[in-house]
Amino acid sequence: MNMLRATMNATTKRLHVGIVGAGFAGLRCADVLLQHGHKVTIFEGRDRVGGRVAQSDALGHKVDLGPNWIHGTDDNPILELARKTGTRLHAWDESQQIYDVDSTLLSSEDAELYGRLLWDDGLIADAFRHSNEHKDTISPDESLWDFFTAKSKELFKDLTPDDAARRRSTLLHVAKMWGAYVGSPIERQSLKFYWLEECIEGENPFVAETYHKILHQVAEEAVAKADLRLNTRVKNVTHGQGNKQPSIQTSGADEHTFDEVVVTTPLGFLKRHGDAFLPGLKPRIAQAIDNLSYGCLDKVYFTFPSAFWNGTSSKPQSNKSTHLDAHSTTPNVTSKSMPLHQSTTSSPHPAYPGFTQWLSPTYAPSNSERWDFQGMNLAALPDSLSHPTLLFYIYGPCSQHVAQLAASMTSPSEQAAVLTDFFSPYLSLLPNYSASDPACTPTAVLATAWAADELAGYGSYSNFQVGLKEGDKDIEALREGMPDDGLWFAGEHTAPFVALGTTTGAYWSGQRIAERIVAKHSEQQS
């Protein structure tokens, strides 16, 4: 690397690059530029680096506020960083509990049946094939829900009409869990661009030790060598035209001129702040930002004195593995809740399954919209990483509602009380639950509330919703940026198609922009 730096310094002037945002995209972009001997200034509105890759100790142990997973293991740099830092990963055993809409527990046979119909060369794989093969002719208004509904009508034809209708209804309720993969209800998921949800091949390990070591590794060079300005909001970005250099104006009215500017703010932030770019973005880029969708995926953690649900239960349990995608026929996807493509070397089966799904409830008055929930049993993590915590994944309008609930309370104890009350209909279904038992009362509650976070763009993760006509070209337009004017964009919304909506995608996007900037100025010098 020293020889590389010497070569670059001999042939290329030392650039000064301004980067907006210190998430994975901004940090990796800075790292690569610094390695090439260039000067970097990073403006970050938060008091820390990492963006949505963040952790909290509020529960008494460290948990991730952002991503929990590494999506795909084939040539994935984030997996390599996990190995380099000794970050412990976990493979879930794919067993699950499913509580039906009336709160009854589905039998292990039924849970396995619906899991197989969805994943094992089932509806998910069918939807990917259909989207890949017919993306040019699928109507932009057709949703993933429409496809699942039509396909479900081909199933259960050997049953009576009433039994068949009941089975199809349950299957479709189970299928709604896909919303936690994209941060929006599947009724809004574009079938035309469903093919863009496929990710890197391989397994999807859970980052059991949290991302904190990986984040430190990604940020190390930038923190040590860049001019890192935390707690600094950017007000305007003026891109260069002609011989004019691009500049960044902060909320304190300071203006800084650069050779190049890289904007890594989340898509949701871009959608709300298009007027921050002066004299305005190219129409195709502004259109892409407007066209693409931005989801809301959040988490709510409940920690208890002990994992009461793991003990011997008088309630019937479904502890049988569903063997998701047993024949590896479903493309790998950005698993953000239910574990898919897990290692065969997973830990022994816990007393209670790792994954629970509560289908659209009819029994919870506080949930009139009948939002479904997915949950992970963190007590099933191995040895020292295990803690008596349940992790709920929530998405879309439910995320917004829960964020508003949390924001309406003025103290952590009030937040914990209102969130416990909202989730109590689902917690109370767990084995051994008793409202009078102190073991069943949470000791701490934590809501990520990205849906209420301005710097996150009031949400998380780009996605592709019905009505979208050129989703792939929109991504490519943002990825291209405005290089002639010194303005570039990076982030998970500009990633390679196999890494959209992932930390890997954000990392790659920052690296690619840095490489393009270096190449641009190398060509100008030659």
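The structure displayed is predicted, hence computed values, not measured ones.

Caption draft 1: Spotlight on the overall build of the protein. Secondary structure assignment for the protein yields 15 helices and 19 strands. Over its C-alpha atoms the protein spans a radius of gyration of 24 Å, differing by no more than 12% from the 24 Å that the globule rule assigns to 526 residues. Burial status across the protein gives 61% buried among its 526 residues. Taking the contacts inside the protein whose residues are at least 6 apart along the sequence as the reference set, 76% of them involve residues at least 24 apart. Accessible area of the protein: about 20400 Å², with a carbon and sulfur share of 49%. Averaging the positions of the 45 positive and the 62 negative side-chain charges in the protein gives two centres separated by 4 Å.

Caption draft 2: Region of interest: the pairing of strand 7 (residues 234-238). Direction of pairing for strand 7 relative to strand 8 (residues 247-250): antiparallel, over a ladder of four bridges. Counted as the bridge partner of T238 is S247 from strand 8. Where strand 7 lies against strand 11 (residues 277-278), two bridges are found, and the strand directions are parallel. The partner of V237 across the bridge, within strand 11, is F277.

Caption draft 3: Structural view of helix 13 (residues 412-427). At D421, helix 13 is deflected by roughly 40°, the largest bend along its length, and proline P425 occurs up to four residues later in sequence. Those residues of helix 13 that fall on the buried side of the exposure criterion are A416, V418, L419, F422, F423, P425, Y426 and L427. The secondary structure elements touched by the buried residues of helix 13 are strand 13 (297-303), strand 14 (355-358), strand 15 (373-377), strand 16 (389-395), helix 12 (397-407) and strand 17 (444-447).

Caption draft 4: Expanded view of unusual backbone geometry. In this structure, the amide linkage connecting L278 to the following residue, P279, adopts the cis form with an omega of 0°. Here D75, not a glycine, exhibits a phi torsion of approximately 55°, which is positive. Following the sequence through the fold, D75 ends up in the loop between strand 4 (63-64) and helix 3 (77-85). Although it is not a glycine, Y458 adopts a positive phi angle of roughly 55°. Structurally, Y458 is set in the loop between strand 17 and strand 18 (462-463). In this structure Y458 comes out as partly exposed when scored by relative accessible area, which is 29%.

Caption draft 5: Spotlight on the side chain of S131. By secondary structure assignment, the location of S131 is in helix 5 (residues 123-134). Judged by its relative accessible area of 0%, S131 is buried. Ignoring any residue separated from it by four or fewer positions in sequence, one finds S131 in contact with I138, L191, K192, F193, Y194 and W195.

Caption draft 6: Geometry of the packing of helix 11 (residues 283-291) against helix 14 (residues 471-480). It is the contact of helix 11 with helix 14, at a shortest axis distance of 9 Å, that shows an interaxial angle of 130°. If you check the angle between helix 11 and helix 14, you find them oblique. By crossing handedness, the relation of helix 11 to helix 14 is classed as left-handed. Counting all contacts with helix 11, which are made through R284, I285, A288, I289 and N291, the residues of helix 14 involved are K473, D474, A477 and L478. The residue inventory of the contact of helix 11 with helix 14, partitioned by class, reads five nonpolar, one polar and three charged.

How each quantity is defined
- Residues numbered from 1 in each chain as written.
- Predicted model: local features only at pLDDT ≥ 70, side-chain atom pairs only at ≥ 80, totals over all residues.
- Heavy atoms only, no water.
- Helix = DSSP H or I, 4+ residues; strand = E, 2+ residues; numbered from the N terminus.
- Rg over C-alpha atoms; globule rule 2.2 N^0.38 Å.
- Buried < 20%, exposed > 50% of the residue type's maximum accessible area, 1.4 Å probe, protein only.
- Contact = heavy atoms within 4.5 Å.
- Areas by Shrake-Rupley, 256 points an atom, 1.4 Å probe, with all protein chains shown as cover.
- Lys, Arg positive; Asp, Glu negative; His and termini not counted.
- Charge placed at Lys NZ, Arg CZ, Asp CG, Glu CD.
- Pairing = 2+ DSSP bridges.
- Bend = angle between axes of the 7 residues up to and from the residue.
- Axes fitted to C-alpha atoms, helices over the stretch in contact; angles between N-to-C directions.
- Parallel < 35°, antiparallel > 145°, perpendicular 65-115°, else oblique.
- Left-handed = near helix turned anticlockwise from the far one by under 90°.
- Nonpolar A, V, L, I, M, F, W, Y, C, P; charged D, E, K, R; others polar.

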